[in-house]
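So you can see what is in the structure, the chains are spelled out below.
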Amino acid sequence: ASEAGSVEAADLVLVEDGKPRATILLSAKPTAATQLAAYELQHYLEKISGGRLPIVREPKRVEGAVILVGESRRSRELGFEHQGFARQEYVIKTHRDGLLLMGHDGQLFDPVRYDSYASLYAAVSQPIGTCYAVHSFLENQLGVKWYLPNESLGEVVPRSRDIVVKALAIRRRPDLPVRSIYPLFTNTERLVFNQWDKPQEFQSAWVNARTSLLYWIRNRFWGGMRHNANHSFSYFDRAFGASHPEWFSTKSLDRMKQLNFQSEVQPCLAAKGFREQVVSIARDYFSGRPEPFPGAYRGAAGRFFSVMPNDNTNMCECPDCRPLYRPGIGAAGNASHYVWQCVNDVAREVHKTHPRAMISNCAYFNYTAPPRGVVFEPNVAVEFCKFYTYYANPNAQLRDHRRIAEFANKNRARFFTTWEYLLKPHLTEWAFPCLVPHVHADDVRELRRIDGFQGGKLQFLYTHTYNGAKPSGGVAQVSPVLDFMNLYWRMKLYDDSTLDIDVALDEYYRSFFGPAATAMK
């Protein structure tokens, strides 16, 4: 308000009658994230207006309005430098000569090729706060929307020969630091696939890696806190099956070889030496040492090392394990105390040598319920697995929220995320699409009321891709169109949990469908 009559508050003209009236200025040596952000800004300003703003680098002198992208000498003169930003934080601010778009970037300065997936992927392997600034500006100030991962069919770009910006002073970061998706790639060319009985028809040619990556970047669902919680013992059979068969539920290498290790066998969490081995591997990881065996760090990312059983409920029932289950509830029932006590023990030991290390696990299968009487170490991270399709029954959602609150309040988990299974129902169930954006809005609001909620992972329906009739070895999201009403709005709510879902939906119907808005709504 104090700037209302100042030069800084005057309208900023970026494009006039389709002609550039501003220049995009970078430092002499911009970060990789800044380079990508500048390309994206140039690309969409041209799509809006037809005017292609030049991108130049310091120390080149610039006449007229200047858009400062990323940290530079000029940004520092305005009081904005990389060191002053928290992780994922960004600023959108008009200044005397133009506009500043800048955020916390990783200090990677390699040249970026805008047309290359490999180059873009390398560029966004570190924090990309300046991209957040640019994409937030394009979306929230200029009205560009990336609804579906296809530029010709899936986005909304307002058309105007003039681009004029009012005074702005925005400094923020996404509301939830953990924002991740699985898998990365998606059906960008067809956007939908419904040949449930012929999965081999799903072609890798329909999957554009660059378009997939840019979709997540543009919606600020890339570059979140590095985090993982996942099945962590997947390669223990190869590493220890022969030397320590007693470490597994089968107690026999020959028997274990007859089964699928991930879906039928579990480690014996009570076996002598087993937990010490897990602690040793975690310490190797946090010390930056090479993997002691291939796949040892499968469940690790950033500050998080996962300690999570295999993907089945066949818990070990040996005499050493049985006493560790809750009285009256054995391996086939609630295994929460058995599993979470192991996680807690590992966390306690690892904390002694690596105070910043976090030990993560999913609340999953028969260890979804909070373990009674266990107080977690401060470095235990819980990822609660949720199936939103169950929420047709309000009691199911209430049960999840109560369980999560118990993890936070009684078990004292200080860091929790959720794994949202947006992939349900499966292809083979001939599912009618479940479109429930209001459920997601209510859910995120409730989760934010529980201390420690940090966001989480969105997993959508995917399948293997084929080159003709031969498997390509990759997987991709099957139907972005069918996932849209759940995946997209969950993304938006993790960025801004105060989002008014009804206003946002009305804008979507109006801008995306035009004359068909009322009918589509």
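Refer to the preceding data block for the structure.
Here's a quick rundown of the structure.

Each value, and the rule that gives it
- Residues numbered from 1 in each chain as written.
- Predicted model: local features only at pLDDT ≥ 70, side-chain atom pairs only at ≥ 80, totals over all residues.
- Heavy atoms only, no water.
- Phe/Tyr/Trp six-rings, centres within 6.5 Å; stacked < 30°, edge-to-face > 60°.
- Helix = DSSP H or I, 4+ residues; strand = E, 2+ residues; numbered from the N terminus.
- Buried < 20%, exposed > 50% of the residue type's maximum accessible area, 1.4 Å probe, protein only.
- Core = buried A, V, L, I, M, F, W, Y, C linked by side-chain atoms within 4.5 Å.
- Contact = heavy atoms within 4.5 Å.
- Salt bridge = Lys/Arg side-chain N within 4 Å of Asp/Glu carboxyl O.
- Pairing = 2+ DSSP bridges.
- Expected span 1.5 Å × (residues − 1).
- Axes fitted to C-alpha atoms, helices over the stretch in contact; angles between N-to-C directions.

## Comments concerning the packing of aromatic side chains
Then comes step 1: Tallied over the entire structure, the rule returns 53 aromatic pairs.
Then comes step 2: Summarising the aromatic geometry, the rings of Tyr 90 and Tyr 132 are spaced 6.3 Å apart at their centres and angled 75 degrees between planes, so their arrangement reads as edge-to-face. A residue pair is termed long-range when its members are at least 10 positions apart, and Tyr 90 in strand E6 (residues 90-95) and Tyr 132 in helix H4 (residues 129-141) qualify at 42 residues. This pair shows no difference in class: Tyr 90 is buried, exactly as Tyr 132 is.

## Focus on the nonpolar core
Then comes step 1: Residues Leu 41, Ile 67, Phe 137, Phe 236, Phe 305 and Trp 489 are the most contacted members of the largest nonpolar core, which totals 152 residues.
Then comes step 2: Per element, the largest residue contribution to this core is nine residues, and it comes from helix H1 (residues 32-49).
Then comes step 3: If sequence neighbours within four positions are ignored, Phe 305 has contacts with Val 278, Ile 281, Ala 282, Tyr 285, Phe 286, Ala 296, Tyr 297, Gly 299, Ala 300, Met 358, Ile 359 and Ser 360.
Then comes step 4: Ranked by size, the runner-up nonpolar core spans 10 residues in total, among them Val 56, Val 62, Val 66 and Phe 80.

## Points about the pattern of salt bridges
Then comes step 1: According to the stated counting rule, one finds 34 salt bridges in the structure shown.
Then comes step 2: The closest approach of N and O atoms between Glu 151 and Lys 47, which form a salt bridge, is 3.1 Å. Of this pair, Glu 151 sits in the loop between strand E8 (145-146) and strand E9 (155-156) while Lys 47 sits in helix H1, and the two are 104 residues apart along the sequence.
Then comes step 3: Residue Lys 47 is classed as partly exposed on the basis of its relative accessible area of 23%.
Then comes step 4: Note that Glu 377 is salt-bridged to Arg 348, the shortest N-O span being 3.1 Å. Of this pair, Glu 377 sits in the loop between strand E15 (358-363) and strand E16 (380-386) while Arg 348 sits in helix H10 (residues 336-353); the two residues are 29 residues apart in sequence, bridging distant segments of the chain.
Then comes step 5: The network of salt bridges with shared partners includes Glu 139, Lys 145, Arg 172, Asp 175, Arg 220, Arg 448, Lys 492, Asp 495 and Glu 507.

## Here's the deal with the pairing of strand E7 (residues 98-103)
Then comes step 1: Within E7, six of the six residues are buried, leaving the element largely enclosed by the surrounding structure.
Then comes step 2: The pairing of strand E5 (residues 65-69) with E7 spans four bridges and is classified as parallel. Bridging from a neighbouring strand, Leu 68 pairs with Leu 100 of E7.
Then comes step 3: In terms of strand pairing, E6 meets E7 through six bridges, oriented antiparallel. Paired with Tyr 90 across the bridge in E7 is Gly 103.
Then comes step 4: Where E6 hands over to E7, the hairpin turn is made up of two residues, counted between the paired strands.

## Points about the environment of Leu 168
Then comes step 1: Tracing the chain through its elements places Leu 168 in the loop between strand E10 (163-165) and strand E11 (169-172).
Then comes step 2: Relative accessible area serves as the criterion here: at 14%, Leu 168 is assigned to the buried category.
Then comes step 3: Counting along the chain gives 172 residues from Leu 168 to Trp 340, while the straight-line C-alpha distance between them is 48 Å.
Then comes step 4: Beyond its immediate sequence surroundings of up to four residues, Leu 168 is in contact with Ile 92, Lys 93, Thr 94, Leu 99, Phe 137 and Gln 141.

## Focus: the environment of Glu 63
Then comes step 1: Following the sequence through the fold, Glu 63 ends up in the loop between strand E4 (55-57) and E5.
Then comes step 2: For the pair Glu 63 and Ala 22, spaced 41 residues apart in the sequence, the C-alpha separation amounts to 8.2 Å.

## Things to note about helix H9 (residues 274-286)
Then comes step 1: Taking 1.5 Å per residue as the helical rise, H9 with its 13 residues ought to reach 18 Å, and the 19 Å between its terminal C-alpha atoms agrees with that figure.
Then comes step 2: Listed in full, the buried residues belonging to H9 are Phe 274, Arg 275, Val 278, Val 279, Ile 281, Ala 282, Asp 284, Tyr 285 and Phe 286.
Then comes step 3: Of the surrounding elements, those touching the buried residues of H9 are helix H6 (236-240), strand E13 (300-301), strand E14 (304-306), H10 and E15.
Then comes step 4: Phi for Gly 288, located one or two positions after H9, is positive at around 80 degrees.

## As for the sheet that holds strand E18 (residues 453-460)
Then comes step 1: Overall, mixed pairing links the seven strands, which are arranged E12-E18-E17-E16-E15-E14-E13 in an open sheet. With one partner strand each, in any of the chains shown, strand E12 (178-182) and E13 form the two edges of the open sheet.
Then comes step 2: Contacts from H9 reach E13, E14 and E15 within the one sheet, and its direction differs from that of E14 by about 150 degrees.

What is shown is where atoms sit, not what they do.
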